[in-house]
Amino acid sequence: MRFKGNSDQSSARYWDDLAELYQKETRISTDDFHYGPLLPGDSSLRLLPNTGKSFQCLEIGCGAGQNSIFLAKQGAHCIATDISEEQLAHGRKLADAEKVEVDFRRVSMDAMGDLGAFDLIHSTYALPFSANPQKVIADAAAILKPGGTFLLTTGHPLYAGEWLDIGDGEDGLFLPDYFRPAPDVRMSLDDKTMSAAQTWPISTLAEWIHAAGLVVERLLEPAPMPIPDMSEEEIIAKVPYDSADWRALYPQLARIPVVVIFKCRRV
Ligand SMILES: C[S@@+](CC[C@H](N)C(=O)[O-])C[C@H]1O[C@@H](n2cnc3c(N)ncnc32)[C@H](O)[C@@H]1O
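A brief report on the enclosed structure follows. Because the structure is a prediction, the values reported are computed rather than measured.

Conventions adopted
Residues numbered from 1 in each chain as written. Predicted model: local features only at pLDDT ≥ 70, side-chain atom pairs only at ≥ 80, totals over all residues. Heavy atoms only, no water. Helix = DSSP H or I, 4+ residues; strand = E, 2+ residues; numbered from the N terminus. Rg over C-alpha atoms; globule rule 2.2 N^0.38 Å. Buried < 20%, exposed > 50% of the residue type's maximum accessible area, 1.4 Å probe, protein only. Contact = heavy atoms within 4.5 Å. Areas by Shrake-Rupley, 256 points an atom, 1.4 Å probe, with all protein chains shown as cover. Lys, Arg positive; Asp, Glu negative; His and termini not counted. Charge placed at Lys NZ, Arg CZ, Asp CG, Glu CD. Core = buried A, V, L, I, M, F, W, Y, C linked by side-chain atoms within 4.5 Å. Pairing = 2+ DSSP bridges. Right-handed = clockwise from strand over helix to strand, strands pointing away. Arc of directions from axis to C-beta. Near = heavy atom within 4 Å. Polar contact = N/O pair within 3.5 Å; in protein donor to acceptor, adjacent residues only side chain to side chain. Nonpolar A, V, L, I, M, F, W, Y, C, P; charged D, E, K, R; others polar.

### Here we look at the overall build of the protein
Right, on to step 1. Looking only at helices and strands, one finds nine helices and 13 strands in the protein.
Right, on to step 2. Over its C-alpha trace the protein gives a radius of gyration of 18 Å, about what one expects of a compact globule, namely 18 Å for 267 residues.
Right, on to step 3. Projected onto the principal axes, the alpha-carbon positions of the protein cover approximately 60 × 45 × 40 Å.
Right, on to step 4. Within the protein, buried positions represent 51% of all 267 residues.
Right, on to step 5. The contacts of the protein with a sequence gap of at least 6 include a subset with a gap of at least 24, amounting to 71%.
Right, on to step 6. Carbon and sulfur atoms make up 50% of the accessible area of the protein, which amounts to about 12,800 Å² in all.
Right, on to step 7. Looking at the protein, you have 25 positive and 38 negative side-chain charges, and the mean spots of the two groups are 6 Å apart.

### Thoughts on the nonpolar core
Right, on to step 1. Core analysis: the biggest nonpolar cluster contains 35 residues, and Tyr35, Leu48, Leu71, Val102, Phe104, Leu151 and Ile261 have the highest contact counts within it.
Right, on to step 2. Elements represented by at least two residues in this core include exactly helix H3 (66-73), strand S3 (77-82), helix H4 (85-97), helix H9 (250-253) and strand S13 (259-266).
Right, on to step 3. Of the residues forming this core, the biggest block, four residues, is contributed by H3.
Right, on to step 4. Each residue touching Leu48, except ones within four places of it in the same chain, is listed here: Phe33, Tyr35, Asp42, Phe70, Leu71, Leu120 and Leu151.
Right, on to step 5. The next biggest cluster of nonpolar side chains, apart from the first, holds 33 residues, and it includes Leu18, Met112, Ile137 and Phe262.

### Let's talk about the pairing of strand S6 (residues 144-155)
Right, on to step 1. The buried fraction of S6 amounts to nine of the twelve residues, a majority that puts the element mostly inside the structure.
Right, on to step 2. With six bridges joining them, strand S5 (residues 118-124) and S6 adopt parallel strand pairing. From the neighbouring strand, Phe118 faces S6, where its bridge partner is Leu144.
Right, on to step 3. Once the chain exits S5 it traverses helix H5 (residues 133-142) before rejoining the sheet at S6, and the crossover so formed is right-handed.

### Re helix H6 (residues 202-211)
Right, on to step 1. For H6, the set of buried residues is Ile202, Leu205, Trp208 and Ile209. Buried residues of H6 fall within an arc of 125° about the axis and therefore sit on the same side. Turned more than 90 degrees away from the buried face of H6, the exposed residues are Glu207, His210 and Ala211.
Right, on to step 2. Each element contacted by the buried residues of H6 is listed here: H5, S6, strand S11 (214-220) and S13.
Right, on to step 3. Phi turns positive one or two residues past the end of H6, at Gly213, with a value near 85°.

### Here's the deal with the environment of Val215
Right, on to step 1. With respect to the secondary-structure elements, Val215 resides in strand S11.
Right, on to step 2. What makes Val215 partly exposed here is its relative accessible area of 40%.
Right, on to step 3. Taking C-alpha positions, Val215 is 5.2 Å from Arg265, a pair spaced 50 residues apart along the chain.
Right, on to step 4. Sequence-distant contacts of Val215, defined by excluding residues within four places in its chain, comprise Lys263, Cys264, Arg265 and Val267.

### So, the site of the ligand
Right, on to step 1. Residues in close proximity to the ligand total 21 residues, the closest being Tyr22, His34, Gly61, Asp82 and Met109.
Right, on to step 2. Asp82 has a polar side-chain atom sitting 2.5 Å from an oxygen atom of the ligand.
Right, on to step 3. Contact between the ligand and Thr124: a nitrogen atom at 2.9 Å from a main-chain N or O atom of the residue.
Right, on to step 4. Protein burial of the ligand: of its 590 Å² of free accessible surface, 97% is covered by the chains.
Right, on to step 5. Ranked by the residues each element gives to the shell around the ligand, the list is headed by helix H1 (residues 8-25), at four residues.
Right, on to step 6. Grouping the constituent residues of the shell around the ligand by class yields ten nonpolar, eight polar and three charged.

### Overview of the pairing of strand S2 (residues 56-60)
Right, on to step 1. Burial analysis of S2 places four of its five residues in the buried class, the great majority of the element.
Right, on to step 2. Bridge analysis of S2 against S3 gives five bridges, and the strand direction is parallel. Bridge assignment links Ile60 to a residue of S3, and that residue is Thr81.
Right, on to step 3. Crossover connection from S2 via H3 to parallel S3: handedness right-handed.
Right, on to step 4. Of the pairings in the sheet, the one linking S2 to S5 comprises three bridges and is parallel in character. Residue Cys57 lies in a different strand from S5, and its bridge partner there is Leu120.

Now the structure itself:
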């Protein structure tokens, strides 16, 4: 099958198909704000602005909205958007169980429109699936209040490399082209739809952020928590995003950042 790139329709189909397994096999906490697999949460990284009552938040590509649910528990007003109705249905159930209100909406990040005005817009590993990432950043900036924060976590371009065993117990990353990272193309579980996750050079992301009128306050390439040295209790308490598959990749994650986080402000 020839892959023509992600569209709203193909992304919705792909993520509707995967949602049940993704939410079952990944433990995503609602007691901390997560940034990605095995990474420290915001209780350690401290990137979130002071939220609280009447703080207006928008999540882009929320999945089951665990980060929005965490913010709603602090009293923030949260809109959580995703292209997949199945992911959103998990989110609505989770918010009910946690007894918080989150406004879950089916919205494509590639056609966000006017959703309001926000103090905080956040997105964790959704941008890689966008058909037009520069527009997503510009559209987010346009609906941020002056002084508002855009907390963007996206795929790190080094992670687009391939791990090679070079013998004698040594392995390492083979990155054919940093400036044009290859997309990670996957087939849906039902074998009917393809989806690609794309990364971009850090400087490209920074230029898109600058062109959108945002200022980068912090840039992080976080290393994972030291999983092999932690007890299960510690992992549950301190690692908000975890799965068996990601734990198997710990030796790689400990050497190459899986995500890059930009904390940006609209001046
Ligand atoms: C890797 S998941 C991350 C979900 C969530 N942020 C988390 O950390 O668990 C990527 C999410 O992006 C969503 N997505 C993909 N394409 C999208 C689009 N065009 N607009 C909005 N959401 C999209 C998927 O449905 C999926 O829920």
